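Remarks on the overall topology
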Amino acid sequence: MKLLLRSTVFSALAVTMTLTGCNQAESPAADSPAPQPNYYQSVLESVYSADMPGATVVVSRQNEVIFSGAVGMADMEMAVPLSEQSIMRLASVTKQYTAAAIMKLVEEGQLALDDTLAKFWPDSRYADVTIHQLLNHSSGIPSYTNIPGYVTGDPMRRHVTTEELLDTFMDLEPDFPAGSAFRYNNSGYVLLGAIIEKLSGQAWDDYIAEALLAPAGIEQTRYFPAEPILRHRARGYQIDAEQGVVNAPWISLSQPHAAGALKATALAVDQWQRALHQGEVLQPESYAAMIREDEVTGEYGYGLLTSSLAGMPMISHDGGIHGFNTSAVWLPESQVSVVVLSNFAGHQPMPSTLAYRLAAYAAGQPFPIEDERIELAPETLEHYQGTYQINANTQRTLTVRDGQLYSQRQGGTASRAYPVSETTFVLENSLVYFTMVLADNGSVSGVNFFQVNSATPEFAQRVSDQVATRQRAELRKEQLERLLGAYELQPGFLITLRLEGEQLLAQATGQGAFPVYPESETRVYNAEIGIEMEFNLAAEGPATSLTLFQSGLEIPAPRITE
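This one's a predicted model, so the numbers in the text were calculated from it and none came from an experiment. Within each chain, residue numbers correspond to sequence positions counted from 1 in written order. For a predicted model such as this one, the threshold for reporting local features is a pLDDT of at least 70, and the threshold for listing and counting side-chain atom pairs is 80 or more; totals across whole chains, interfaces and linings nevertheless cover every residue. Hydrogens and water molecules were not included; the side-chain quantities draw on all heavy atoms of the structure.

1. Thoughts on the overall build of the protein chain
Helix and strand content of the protein chain: 12 helices and 31 strands. Along the first, second and third principal axes, the C-alpha set of the protein chain runs to 70 × 65 × 50 Å. Per-residue burial for the protein chain yields a buried fraction of 54% across its 562 residues. Carbon and sulfur atoms make up 48% of the accessible area of the protein chain, which amounts to about 23,500 Å² in all. Averaging the coordinates of the 34 positive side-chain charges in the protein chain and doing the same for the 64 negative ones gives two points 4 Å apart. Numbering of helices and strands starts at the N terminus; helices are DSSP runs of H or I of at least 4 residues and strands are runs of E of at least 2. Buried residues are those whose accessible area, probed at 1.4 Å on protein chains only, stays under 20% of the maximum for their type, while exposed residues exceed 50% and partly exposed ones sit between those limits. Per-residue and other accessible areas follow the Shrake-Rupley method at a 1.4 Å probe size, with only the shown protein chains counted as cover for residues. Asp and Glu count as negative and Lys and Arg as positive, but His and the ends of the chain are not part of the count. Think of each charge as sitting on NZ of Lys, CZ of Arg, CG of Asp or CD of Glu.

Okay, structure coming up:
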């Protein structure tokens, strides 16, 4: 299951449990050398250490596995290394299996996409919600993983039956009218699992194994409860701000259910991807339904996300659960499959970044991160320093600090940029890169910024060779105290402000505290991590709400405590 809000500070508000411009430049060359196994191994070893938790990776192309490997430890305490046989939690990658099982039931005539929950729970307040709306997260049913304290507290440790799990959310107030919006939702996929059980008479994962996996010759993919001995099961780990690497908290996998409880080897997930996307699992019309875009839910279909990678069509899904992060990527044009399963939650770069990097290389369109880093003279870096205008409301700055260049989009995090040519830079722990646009006389006219999904850059025109610094305001203690308290960004996810001495600190649920600095009586910021907060203050008394600005998002949050 992928929990909402993962990132440098808040993780990203997107699909989770986890998830423009002008002056175009050329995208990376498509004639890269034929990928070799040692390339994949070297990249894997550059991301994970042999003596820490790590990952298993499989890359296949045109139905041939061109790399299968592992780096890191399956059990830190027993010093057992990961291997190709290591079994990991798939987290929300599970959802595509569940969605395919529902489509198989549709093919069998046992279900229709416009059937409503009234067919199974006639007295439910959600009786009018359709199967289609459960599959694409437009049902409006609240996600039980957003209940305050549910994921991080004792509820996730409790063994439950399917009906007991349904009882946790079926009486909650809807988030919005069914079919009117998109909100990533684990409750919907638990309901889909329950429907599989009602129609098949089997546990949801038994039906998936027998109806979908066995006919395709896929093994080592099941719910796998915690109690029985399971050879090659990897333990999960995560990063604690104070203790470093720690064992992930124990949870009952009856809780993530059909939204995120499957486990598998990376080899088995690769087999699944090739079988699903090459028509061995479902009829063409069923598969087409899984990957179609929707005017309400956009690129999210049924358990799968359709997007692009460096301009190439891509179908994918990521996952995150206690101790594990996962990514499964399929490039239909080149028939490339990449699976990354990691037992090191919170490690950077994320498995999705690694998966995208390997997929682009295997497809013959590598990112500049593959190029050798070089050293540039300090005067060259200082020549690029300045402020660049992206659009009417957004700027990007390039700043030299300690002999290194840093890039920061307004409202984003400052990232170190490494040169791979005189004018091309790659961002740290990222596939994003940019190229300097120079005039004939050598002056800097702008910068072309390439995001992971597009071969078309975002151009920003240089408007100044100076980088403006923000001015901190001096506020009295009583002024700062008006900002203190907890503010609800999402159900179960708070941002809390407190004072330690004279320093104002902010802390998101489950994450470390960080300093923020007042710019005015109502606005605070941290330029390094790209966060701003604007407070709603009456004439007297504490703030009633705040709006958080980060990475182009504006998130209102009411104050819920004194």
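2. Digging into the pairing of strand 22 (residues 458-464)
Direction of pairing for strand 15 (residues 386-391) relative to strand 22: antiparallel, over a ladder of 3 bridges. Opposite Q389, over in strand 22, you have Q461 as the bridge partner. Note: strand 21 (residues 444-450) against strand 22, 4 bridges, orientation antiparallel. Pairing of F449 across the sheet is with E458, part of strand 22. When DSSP finds two or more bridges between a pair of strands, those strands are recorded as paired.

3. Looking at the sheet that holds strand 20 (residues 433-438)
Read around the closed barrel, the 8 strands follow the order 15-16-17-18-19-20-21-22; overall the barrel is antiparallel. Ignoring strand direction, the axes of neighbouring strands in this sheet form an average angle of 30 degrees. As judged from the 6 bridges shared by strand 16 (residues 394-401) and strand 17 (residues 404-409), these two strands associate in the antiparallel manner. When the sheet's bridge partners are listed, L398 is paired in strand 17 with S407. To obtain each axis, a line is fitted to C-alpha atoms, and for helices this fit is confined to the stretch in contact; angles are then taken between N-to-C directions over 0 to 180 degrees.

4. Here's the deal with a negative patch on the surface
Excluding any residue in a salt bridge, patches collect residues exceeding 30% relative accessible area, merging like charges within 9 Å and nonpolar Val, Leu, Ile, Met, Phe, Trp and Tyr side chains within 5 Å. One speaks of a salt bridge when a side-chain nitrogen belonging to Lys or Arg is within 4 Å of a carboxyl oxygen belonging to Asp or Glu. A contiguous patch of negative charge on the surface is contributed by E163, E164, D167 and D171. Secondary-structure assignment places E163 in helix 4 (residues 162-166).

5. Looking at the sheet that holds strand 9 (residues 263-264)
Taken together, 3 strands build an open sheet; the order of strands is 5-9-6 and the sheet is antiparallel. Single-partner strands in this sheet number two, and they are strand 5 (88-89) and strand 6 (221-222). Examined bridge by bridge, strand 5 and strand 9 share 2 bridges and lie antiparallel to one another. Paired with R89 across the two strands is K263, which belongs to strand 9.

6. Topic: the side chain of E532
For E532, the location among the structural elements is in strand 29 (residues 531-536). At a separation of 2.5 Å, a polar atom in the side chain of E532 contacts the side chain of R523. Not counting residues up to four positions away in its chain, the partners in contact with E532 are R470, R523, V524, Y525, T547, L548 and F549. In protein, a polar contact requires one atom able to donate a hydrogen and another able to accept it; more generally it is a pair of N or O atoms within 3.5 Å, and residues adjacent in sequence count only if both atoms are side-chain atoms. In this description, contact between two residues means that some pair of their heavy atoms is separated by no more than 4.5 Å.

7. Notes on the environment of V58
Take V58: it is sitting in strand 1 (residues 55-61). V58 sits 279 residues away from S337 along the chain, and the two C-alpha atoms are 7.9 Å apart. The contacts of V58, once residues within four sequence positions are left out, are V65, F67, S68, A266, L267, D270, S337, V338 and V339.

8. Observations regarding the confidence of the model for the protein chain
Note on scores: pLDDT gives the predictor's confidence for each residue, bounded by 0 and 100. In the predicted model, the protein chain carries a mean pLDDT of 90, and 93% of its residues have values of at least 70. Under a pLDDT of 50 for its full length, residues 1-33 has, in the predicted model, 128 contacts with residues more than four places off or in other chains.

9. Quick notes on helix 6 (residues 204-213)
Within helix 6, 7 of the 10 residues are buried, which leaves the element mostly enclosed by the surrounding structure. Within the span of helix 6, buried status applies to W204, D205, Y207, I208, A209, L212 and L213. On the buried face of helix 6, the contacting elements are helix 2 (94-107), helix 5 (186-200), strand 6, helix 7 (257-260) and helix 8 (266-277).

10. Looking at the pattern of salt bridges
The tally for this structure, following the rule as stated, stands at 16 salt bridges. Here R274 makes a salt bridge to D270, at a shortest N to O gap of 2.8 Å. With a gap of 4 residues between them, R274 and D270 both fall in helix 8, about one helical turn apart. Overall, R274 belongs to the buried group, its relative accessible area being 15%. Accessibility expressed as a relative area gives 0% for D270, which makes it buried. Among the ionic pairs, R476 bridges to E478, the shortest N-O distance being 3.0 Å. Judged by relative accessible area, which is 48%, R476 ranks as partly exposed. Its relative accessible area of 44% is what places E478 among the partly exposed residues. Connected through shared salt-bridge partners, D205, D206 and R222 make up one network.

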